[in-house]
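# A look at the structure
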Amino acid sequence: MMLLALSAPALVLPTTPSFSRPAVGRASLLTMQVDAPTAPKTVGDAKTAFQASYGNRPVGMMLQSFVNELLSSNVLAMASPTFKYNRVFALGFTTLCDTFLDTAANDAELRKSLCDGLGLDAARIERDAADLKAAAAAAGSEEALLASADFAELANAASPPKYTYTFGAGLLAMMPLVDVEVNDASIEKWSAALKMSPNRLSKDWKFFESSQEKMAEGKQMMMEMAASAKRKEAAKLKEDAEKAAKEAAAAECDAGDEAKCEDDTPAPPPPPAAPPP
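### Section: the pattern of salt bridges
For the structure on display, the rule yields eight salt bridges. Notably, a salt bridge pairs Arg124 with Asp128, separated by 3.1 Å at the nearest N-O pair. Here Asp128 and Arg124 lie together in helix H5 (residues 122-139), a separation of four residues that amounts to about one turn. Among the salt bridges present, the one from Glu142 reaches Lys189, with a minimum N-O distance of 3.4 Å.

And the structure:
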C-alpha cells in the first residue's frame with residue numbers, strides 16, 4: 001500500500017462517472033496483455049528518467065509525494081518476473097492520475113513524464129484505459145463481465161496477475177461501470193474470479209476511502225488559506241490607499257491649499273441633555 005504524508009492528500013478513487021454503453025460486442029475486455037515494458041531497474045533510475053522528461057523544475061510538495069510513490073511502487077512490482085502489463089493496470093494508472101493530478105495546471109506533462117519514468121507508452125496507457133472503460137460498460141452486467149473469456153484469461157494465466165496498487169485501482173474503477181458497489185462482498189467476489197487473495201485489494205479500498213476524506217479536507221484547507229490570503233491582501237491594499245490619500249492631502253496642504261488641510265481641532269463635546277420637566 002502506498003503511504004503519503006498527511007500534508008499531501010493520499011490517493012483516492014472518486015466515484016466513477018457514468019459512461020454511455022457503446023454498441024460494441026463482447027470482444028476483448030481485458031486482453032492486450034503484453035510483455036512487461038522496458039522498466040527502469042531501480043527507483044533511482046525511474047526518478048532520473050522522470051526528471052529528464054519533466055525538466056529541471058520543481059513538481060511541488062504535494063504532487064512530489066504522489067510522483068515518488070507511484071514511481072517507487074510500480075518499479076518494484078514491474079521488476080517481478082510475474083508482472084505483465086494489461087489494460088486493468090492502464091485503467092488504474094489513469095484513474096490515479098485523474099484523481100491526484102486534477103488540480104495540476106500541467107496535468108498532461110506530469111502524466112507523460114510518469115510514463116517515461118516507468119518506460120510506459122503514455123498514448124497507449126490512455127488508449128487502453130479508454131478502451132477498457134468502453135468494453136466493460138458494454139458488457140452490461142457484472143455477471144457478463146466476470147463470465148467473459150477475457151476475464152477468465154486473466155485469471156487462468158500461468159501465474160495469477162501480479163497485484164499492484166495500480167492494478168487494484170483499475171479493478172475498483174471497473175466496478176461502477178457494471179453498476180457494482182465497491183464493498184467487502186464485491187471485492188471478495190471479484191478476487192475469487194481472478195483467483196487471487198482479496199486482502200490487499202480490500203486494504204487498498206479502505207485506504208482509498210479514508211484518503212478521500214483527507215483529500216477533501218486538504219482541498220478545503222487550501223481554499224481557506226487562499227481566501228485568507230486574499231482578504232489580507234485586500235486589507236493591505238485598502239490600508240495603503242488610505243495612507244497614500246492622507247499623504248497626498250498633507251502635501252497639498254503644505255502647498256497652500258487650505259481646503260485640503262485637515263482640521264485637527266477636536267470637536268466640542270455635545271451639550272448636556274435638558275433636565276426632565
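Read on, since the account is not over.
### Looking at the nonpolar core
Grouped together as the largest cluster of nonpolar side chains are 59 residues, with contacts concentrated most on Phe93, Leu114 and Trp190. Each residue touching Leu114, except ones within four places of it in the same chain, is listed here: Phe50, Phe66, Val67, Leu70, Leu71, Phe93, Cys97 and Leu101.

### A short note on the confidence of the model for the protein
Interpreting fine coordinate detail is not advised for predicted regions of low pLDDT. Averaged over every residue, the pLDDT of the protein is 77; residues scoring 70 or more account for 71%. Throughout residues 1-36 the model reports pLDDT below 50, and contacts reaching past four residues in sequence, or to other chains, amount to 107 contacts.

### Focus on the environment of Glu188
Position of Glu188 among the secondary structure elements: in helix H9 (residues 184-193). Accessibility expressed as a relative area gives 48% for Glu188, which makes it partly exposed. In this structure the C-alpha to C-alpha distance between Glu188 and Ser202, which are 14 residues apart in sequence, comes to 8.3 Å.

### Some remarks on the packing of aromatic side chains
Summed over all chains, the structure comprises five aromatic pairs. Here Phe50 and Tyr54 contribute two aromatic rings whose centre-to-centre distance is 5.6 Å and whose plane-to-plane angle is 15°, an arrangement assigned as stacked. Of the two residues, Phe50 and Tyr54 are both situated in helix H1 (residues 43-54); the distance of four residues between them amounts to about one turn of the helix. Classification of Tyr54 by relative accessible area gives buried; the value is 5%. Aromatic side chains Phe83 and Phe89 sit 5.5 Å apart centroid to centroid with 80° between the ring planes, which places their arrangement in the edge-to-face category.

### Brief notes about the packing of H1 against helix H4 (residues 107-118)
It is the contact of H1 with H4, at a shortest axis distance of 7 Å, that shows an interaxial angle of 145°. For H1 against H4, the interelement crossing comes out right-handed. Within the contact between the two elements, H1 uses Ala46, Ala49, Phe50, Ser53 and Tyr54 and H4 uses Glu109, Leu110, Lys112, Ser113, Leu114, Asp116 and Gly117. Residue classes in the contact of H1 with H4 are distributed as six nonpolar, three polar and three charged.

Thresholds, definitions, all that
Numbers given to residues run from 1 along each chain, matching the order in which its sequence is written. This being a predicted model, a pLDDT of at least 70 is required before a residue's local features are given, and a value of 80 or more before pairs of side-chain atoms are given or counted; all residues contribute to the totals for chains, interfaces and linings. Note that water and hydrogens are dropped before the side-chain values are worked out from all heavy atoms of the structure. Should a side-chain nitrogen of Lys or Arg be within 4 Å of a carboxyl oxygen of Asp or Glu, the pair is scored as a salt bridge. By definition, any uninterrupted DSSP run of H or I lasting at least four residues is a helix, any uninterrupted run of E lasting at least two residues is a strand, and each is numbered from the N terminus. We define a nonpolar core as any set of buried Ala, Val, Leu, Ile, Met, Phe, Trp, Tyr and Cys residues linked to one another through side-chain atoms lying within 4.5 Å. The buried label applies to any residue whose accessible area, calculated with a 1.4 Å probe on protein chains only, is under 20% of its type's maximum; exposed applies above 50%, and partly exposed to all values in between. Any two residues whose heavy atoms approach within 4.5 Å at even a single point are treated as in contact. What pLDDT reports is the predictor's confidence in each residue, on a scale of 0 through 100. Classification of ring pairs uses Phe, Tyr and Trp, with its six-membered ring standing for Trp, and accepts pairs whose centres are within 6.5 Å; under 30 degrees between planes counts as stacked, over 60 as edge-to-face, and the remaining range as tilted. Orientation is described by lines fitted to C-alpha atoms, with helices fitted over the stretch in contact, and by angles between N-to-C directions that extend from 0 to 180 degrees. By definition, any crossing whose near helix is turned counterclockwise from its far helix by less than a right angle is left-handed, and any crossing with a clockwise turn is right-handed. Under the convention adopted here, Pro, Cys and the residues Ala, Val, Leu, Ile, Met, Phe, Trp and Tyr are nonpolar, Asp, Glu, Lys and Arg are charged, and Gly plus all remaining residues are polar.

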